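Residues per chain, in single letters:
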Amino acid sequence: MSGLVDITGLKLLVMGGGAGIGLSAVRMATAAGAEVAVTTMPDETAAEQVAFHTPCDVTDASAVSAAVEAAVAALGGIDAAIVTAGIFEHRGVAETSDADWARVIAVNLTGPFHVARALEPHFRAAGAGSLVLFSSQVGLVGHRRATAYAASKGGINGLTRTLAIEFAAFGARVNAVAPGPVETGMTAVARADPVRRRALLEAVPLGRFGQPDEVACAALYLAAPASAFVTGHVLVIDGGVTAI
Ligand code: NAI
């Protein structure tokens, strides 16, 4: 095997692949010759070239199980999964209702847990597999008015490391990507607000927003055999935000 990132024929599931970084990962992976299954929210469509598409809300455990089983059947196995599904709430503690808190934790933390639990028997049986979760710079350093979001992404860091130990027992890997501010729908409101835009950019030493492809390629590296000795890692792709 070459040390280069080769994903030709990789059987890859992207969950949350209807927009943003997930959609970039789907497009890059299909262009590079991977066999890609994708789940999206019901109101989203999938990129054309995918081998399989089904709607799936990651907060629904039985929907996640069904989607994973259907994707594995369609691909004839599974080598890797990337979970990009996520939501952001710009709220401090005083303005976060119980429902706000529960929704963010359900999508950003419980959803990836559902995916890991559904994939575990497949990776165990194969004696291999790579799961890539999505953290954030906000899971590593503090961020104004992101109470539930920061808690959910900090939870992903812990989940990643503990799953990495469990999955290593049968030869599978678990890592996460922690992006800084990226130009997707998630940051559209903040980027359109001059005050928030300036504050976000001032925190980035490289002085710009990241592009979805710049994050998706990091997720694909972690999904690929090229990262075979990497597990339990949170890979920061943030233009230097957390270097300060
Ligand atoms: P996005 O808003 O463009 O895409 C998020 C996707 O998740 C959408 O397709 C949406 O439909 C899907 N989604 C939302 N709720 C879902 C649910 N319950 N079940 C299934 N899918 C659901 O956002 P983006 O930027 O692509 O975010 C991808 C990941 O990267 C997220 O986990 C996000 O928290 C993380 N991230 C993004 C950053 C950014 O600046 N854009 C920064 C740090 C982390």
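Residues numbered from 1 in each chain as written. Predicted model: local features only at pLDDT ≥ 70, side-chain atom pairs only at ≥ 80, totals over all residues. Heavy atoms only, no water.

- In the annotation of an unreviewed UniProt entry, the protein chain is listed under the name NAD(P)-dependent dehydrogenase (Short-subunit alcohol dehydrogenase family) and assigned to Tepidamorphus gemmatus.
- Per UniProt, the protein chain has the following entry under Sequence similarities (unreviewed entry): "Belongs to the short-chain dehydrogenases/reductases (SDR) family." (UniProt positions renumbered as here; feature names shortened; annotations may be inferred.)

## Observations regarding the environment of Thr-54
- With respect to the secondary-structure elements, Thr-54 resides in strand S3 (residues 52–55).
- Spatially, the C-alpha atom of Thr-54 lies 8.3 Å from that of Ala-71, the residues being 17 residues apart in sequence.
- Excluding its chain neighbours within four sequence positions, the residues that come into contact with Thr-54 are Val-38, Thr-39, Thr-40 and Ala-67. (Helix = DSSP H or I, 4+ residues; strand = E, 2+ residues; numbered from the N terminus. Contact = heavy atoms within 4.5 Å.)

## Re the packing of helix H2 (residues 61–75) against helix H3 (residues 98–126)
- Taken N-terminus to C-terminus, the directions of H2 and H3 make an angle of 40 degrees; their axes are 9 Å apart at the nearest point. Note that H2 runs across H3; the crossing there is right-handed. Where H2 approaches H3, its residues Ala-61, Val-64, Ser-65, Val-68, Glu-69 and Val-72 are matched on the opposing element by His-114, Val-115, Arg-117, Ala-118, Leu-119 and His-122.
- Here the residues of the contact of H2 with H3 sort into seven nonpolar, three polar and two charged. (Axes fitted to C-alpha atoms, helices over the stretch in contact; angles between N-to-C directions. Left-handed = near helix turned anticlockwise from the far one by under 90°. Nonpolar A, V, L, I, M, F, W, Y, C, P; charged D, E, K, R; others polar.)

## A short note on the packing of aromatic side chains
- The final tally for this structure, using the stated rule, is three aromatic pairs.
- With 4.8 Å between their ring centres and 75 degrees between their planes, Phe-88 and Tyr-149 make a pair best called edge-to-face. Of this pair, Phe-88 sits in the loop between strand S4 (80–83) and H3 while Tyr-149 sits in helix H4 (residues 147–168), and the two are 61 residues apart along the sequence.
- The exposure class assigned to Phe-88 is partly exposed, which follows from its relative accessible area of 25%.
- Taking relative accessible area as the criterion, Tyr-149 reaches 7% and is therefore assigned buried.
- An aromatic cluster is present here, built from Phe-123, Phe-167 and Phe-170 joined pairwise through their rings.
- The ring of Phe-209 carries the charged tip of Arg-191 above its face, separated from the ring centre by 6.0 Å. (Phe/Tyr/Trp six-rings, centres within 6.5 Å; stacked < 30°, edge-to-face > 60°. Buried < 20%, exposed > 50% of the residue type's maximum accessible area, 1.4 Å probe, protein only. Lys NZ or Arg CZ within 6 Å of the ring centre and 35° of its normal.)

## Digging into the layout of surface pockets
- Considering only enclosed or pocket space, the largest pocket measures out at about 1,200 Å³ in volume.
- Counting only elements with at least two residues in the lining of the largest pocket, the list comes to helix H1 (20–31), strand S2 (35–40), H4, helix H5 (188–192) and helix H6 (194–202).
- Partitioning the lining of the largest pocket into residue classes produces 24 nonpolar, 19 polar and five charged.
- Empty space within the second largest pocket amounts to approximately 150 Å³.
- Contributing to the lining of the second largest pocket are 14 residues, with Gly-210, Glu-214, Ile-237, Asp-238 and Gly-239 lying nearest its centre.
- For the lining of the second largest pocket, the class distribution of residues is seven nonpolar, four polar and three charged. (1 Å grid on protein atoms, 1.4 Å probe; cavity = no way out; pocket = protein on both sides within 12 Å on 5 of 7 lines; lining within 4 Å. Points joined across faces, edges and corners; volume = space filled by probe spheres on them.)

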